[in-house]
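What follows is each chain in one-letter form.
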Amino acid sequence: MVAMDSQLESVLNAVNASRDWSGQTLMSQDILTLEPTDASMLNEHYLEHAPRYTWAIQQFNEVPSSEHFNAVVNACASCHRGTCPGPLSRIEKRRPQVN
């Protein structure tokens, strides 16, 4: 999850500097195969929301935009609300400031 956040931060920093979404991509990971720090986090909520994250990344990579980037951030936040709410304030910092 730290790598995902770093990737979001890198793209966001690049876009904030250039004000251009074109050419930006996010590496998609099958987060259902990742091993959590705490196995109790692999609950129904996580299993339901993980594919939404993958879908949001696909949409962003097809058409990089503020809207699609926010969909990725929303997917992260939505999943974390039902599994591990600790990083929510960090996730919210990944909202783009440019369109």
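To keep things clear, this report deals only with the structure shown in the data block. (Residues numbered from 1 in each chain as written. Predicted model: local features only at pLDDT ≥ 70, side-chain atom pairs only at ≥ 80, totals over all residues. Heavy atoms only, no water.)

## Some points on the nonpolar core
- The biggest cluster of nonpolar side chains holds 23 residues, and the ones touching the most others in it are Val11, Leu26, Tyr53, Phe60, Phe69 and Val72.
- Where this core is concerned, the elements lending two or more residues are helix 1 (2–18), helix 2 (44–62), helix 3 (66–83) and helix 4 (88–92).
- For this core, the element with the most residues is helix 3, which contributes 7 residues. (Core = buried A, V, L, I, M, F, W, Y, C linked by side-chain atoms within 4.5 Å. Buried < 20%, exposed > 50% of the residue type's maximum accessible area, 1.4 Å probe, protein only. Helix = DSSP H or I, 4+ residues; strand = E, 2+ residues; numbered from the N terminus.)

## Focus on the state of the cysteines
- In the structure shown here, the tally under the stated rule is 0 disulfides.
- A disulfide-free cysteine, Cys76 has its sulfur positioned 8.2 Å from the sulfur of Cys79, the nearest such atom.
- For Cys84, which is in no disulfide, the shortest distance to another cysteine sulfur is to Cys79 and amounts to 9.5 Å. (Disulfide = S-S within 2.5 Å.)

## Quick word on the pattern of salt bridges
- According to the stated counting rule, one finds 4 salt bridges in the structure shown.
- Across the salt bridge formed by Asp5 and Arg94, the nearest N and O atoms sit 2.8 Å from each other. Taken together, the residues Asp5 in helix 1 and Arg94 in the segment after helix 4 connect sequence positions 89 residues apart.
- You can call Asp5 buried: its relative accessible area is 9%. (Salt bridge = Lys/Arg side-chain N within 4 Å of Asp/Glu carboxyl O.)

## Overview of the environment of Arg81
- By the secondary structure assignment, Arg81 is in helix 3.
- Judged by its relative accessible area of 54%, Arg81 is exposed.
- Once the C-alpha coordinates of Arg81 and Pro96 are considered, the two residues, 15 residues apart in sequence, prove to be 20 Å apart.
- When neighbours within four sequence positions are excluded, Arg81 is seen to be in contact with Leu88 and Glu92. (Contact = heavy atoms within 4.5 Å.)

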